[in-house]
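# Geometric and topological summary
Given next are the chains, with one letter for each unit.
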Amino acid sequence: MTEPLVVGLISNYNYGAFIMDALNSLAHQTYKNLKIMIVDDKSTDNSLDILFANVENLKNVSNINNVYLVYTGTYLTQEVYIVKKAINNGRAANRNDGINLAIKLIPNIKMIANCDADDIYHPEKI
């Protein structure tokens, strides 16, 4: 039996100094049926540059109403979605946008694990 699909959702706004720590903590989970989605709330720092430099096979897969640009790629062995927002809505709205987009873009999700961009998950959290 396959484990249920979990999406690790990282909400980011200007946390370029920490974003890779959060991504690494999700990519190193012992739970393996995991995809990662990072939703950037129109950061003004280098957050997206850092992500784009570290996520491999990056490609633009969707442009939703010119508000959300969605990219996919891989980091280590994990599939990663990066959402670049055109407007800044604040932390709560950014997390809600991420949840709605994850449900829309990734089939068969059973759970979403929220992780702020300055958080680090224990390897067995999920």
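Everything that follows concerns the structure shown earlier in this document.
This report concerns the structure included in the present document. For clarity, every value in this text was computed on a predicted model and none was experimentally measured. (Residues numbered from 1 in each chain as written. Predicted model: local features only at pLDDT ≥ 70, side-chain atom pairs only at ≥ 80, totals over all residues. Heavy atoms only, no water.)

## Quick notes on the packing of aromatic side chains
The description of an aromatic ring pair uses the distance of the two centres, along with the angle that the planes make with each other. Note the cut-off: Ring geometry is summarised as follows: Phe, Tyr and Trp rings, the Trp one being its six-membered ring, pair when their centres sit within 6.5 Å, and such pairs are stacked at plane angles under 30 degrees, edge-to-face over 60 and tilted between the two. Partly exposed residues are those whose accessible area sits between 20% and 50% of the maximum for their type, while under 20% is buried and over 50% is exposed, using a 1.4 Å probe and protein chains only. Lysine NZ or arginine CZ positioned within 6 Å of the ring centre and within 35 degrees of the ring normal marks a charge as sitting over the ring.
Per the counting criterion, the structure on display carries two aromatic pairs. Ring geometry for Tyr15 against Phe18: centres 6.0 Å apart, planes inclined by 55 degrees, an arrangement best described as tilted. The exposure class of Phe18 is partly exposed, given its relative accessible area of 40%. Geometry around Tyr121 places Lys125 over its ring, the cationic atom sitting 5.1 Å from the centre.

## Examining the packing of helix α1 (residues 19–27) against helix α2 (residues 47–54)
Each packed pair of helices is defined by two parameters, the angle between the axes and the distance between the axes. As a reminder, the rule being used: Under this scheme, a helix contributes an axis fitted over its contacting stretch, all axes are lines through C-alpha atoms, and angles between N-to-C directions fall in the 0 to 180 degree range. Counting from the N terminus, the helices are the DSSP runs of H or I reaching at least four residues and the strands are the DSSP runs of E reaching at least two. Roughly parallel means an angle under 35 degrees; roughly antiparallel, over 145; roughly perpendicular, 65 to 115; everything else is oblique. Only heavy atoms matter for contacts: two residues are in contact if any of them lie within 4.5 Å across the pair. Amino acids outside the nonpolar list (Ala, Val, Leu, Ile, Met, Phe, Trp, Tyr, Cys, Pro) and the charged list (Asp, Glu, Lys, Arg) are all regarded as polar, and Gly is one of them.
At a minimum axis distance of 10 Å, the contact between α1 and α2 shows a crossing angle of 40 degrees. With respect to α2, the axis of α1 lies oblique. Every residue of α2 that contacts α1 at Ile19, Met20 and Leu23 is listed here: Ser47, Ile50, Leu51 and Asn54. Considering only residue class, the contact of α1 with α2 consists of five nonpolar, two polar and no charged.

## Topic: the nonpolar core
Stated formally: By nonpolar core we mean a set of buried residues, namely Ala, Val, Leu, Ile, Met, Phe, Trp, Tyr and Cys, connected to one another through side-chain atoms within 4.5 Å.
Membership of the largest hydrophobic core comes to 24 residues, with the highest contact counts inside it found for Ile10, Leu23 and Ile38. Contributing elements (two or more residues each) for this core: β1 (5–12), α1, β2 (34–40), α2, β4 (68–75), β5 (78–85) and β6 (109–116). Per-element accounting of this core gives the leading share, six residues, to α1. Setting aside residues up to four positions removed in sequence, Ile10 forms contacts with Ile19, Ala22, Leu23, Leu26, Ile36, Met37, Ile38, Val39, Cys115, Asp116 and Ala117. In this structure, Met37, Val39, Tyr81 and Leu101 belong to the second largest nonpolar core, which totals 13 residues.

These values are about where atoms sit, not about what they do.
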